[in-house]
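# Summary of structural features
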Amino acid sequence: MGLSNPNNYWENDKKDLSKLVDILSNTNDHERIVIRSILKEYKPQSLLDAACGPATELAGYKENNIEIEYSGLDKSRYMLETAKQR
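The sections below set out a description of the structure shown in this document. This structure is a prediction, so every number in the text was calculated from the model and none was measured.

### Things to note about helix H3 (residues 56-63)
A turn of α-helix holds 3.6 residues, and therefore any two residues three or four places apart point the same way. Looking at H3, one finds that the buried residues are Thr 56, Glu 57, Gly 60 and Tyr 61. End-on view of H3: buried residues confined to an arc of 145°, all on one side of the axis. More than 90 degrees from the buried face of H3, the exposed residues found are Lys 62 and Glu 63. Looking one or two residues past H3, Asn 65 carries a phi angle of roughly 55°, positive in sign.

Take a look at the structure:
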């Protein structure tokens, strides 16, 4: 999956994007664990996830019983549809 035309990157073939979803879906990435520890400490009521992709952050919050009002934004319709299905 190349970036020869970055304007169309997020609207590529769904087959290519499904591979990207798999890569982005690890809720146990170190950065995601750090984010969850910060949320547990400060206990915000809501969160805006810009470039949410397949909403992996939300999945991690649910797995770790973090109750938060979550809103996700993404440029890709495919990613948003994947996030909604989850």
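Read on, since the account is not over.
### Considering the pairing of strand E2 (residues 69-73)
Bridge count for strand E1 (residues 46-50) against E2 is 5 bridges, and the pairing is parallel. Across the sheet, the residue bridging to Leu 47 is Tyr 70, located in E2. Tracing the backbone out of E1, into H3 and back to the parallel element E2 gives a crossover that is right-handed.

### Some details on the pattern of salt bridges
Applying the stated criterion across every chain yields a total of 3 salt bridges. Asp 29 is the partner of Arg 32 in a salt bridge, and the nearest nitrogen-oxygen pair spans 3.6 Å. With relative accessibility at 14%, the residue Arg 32 sits in the buried group. For Asp 29, a relative accessible area of 25% puts it in the partly exposed group. Put simply, Asp 29, Arg 32 and Glu 57 are held in one network by salt bridges that share partners.

Thresholds, definitions, all that
Residues numbered from 1 in each chain as written. Predicted model: local features only at pLDDT ≥ 70, side-chain atom pairs only at ≥ 80, totals over all residues. Heavy atoms only, no water. Buried < 20%, exposed > 50% of the residue type's maximum accessible area, 1.4 Å probe, protein only. Helix = DSSP H or I, 4+ residues; strand = E, 2+ residues; numbered from the N terminus. Arc of directions from axis to C-beta. Pairing = 2+ DSSP bridges. Right-handed = clockwise from strand over helix to strand, strands pointing away. Salt bridge = Lys/Arg side-chain N within 4 Å of Asp/Glu carboxyl O.

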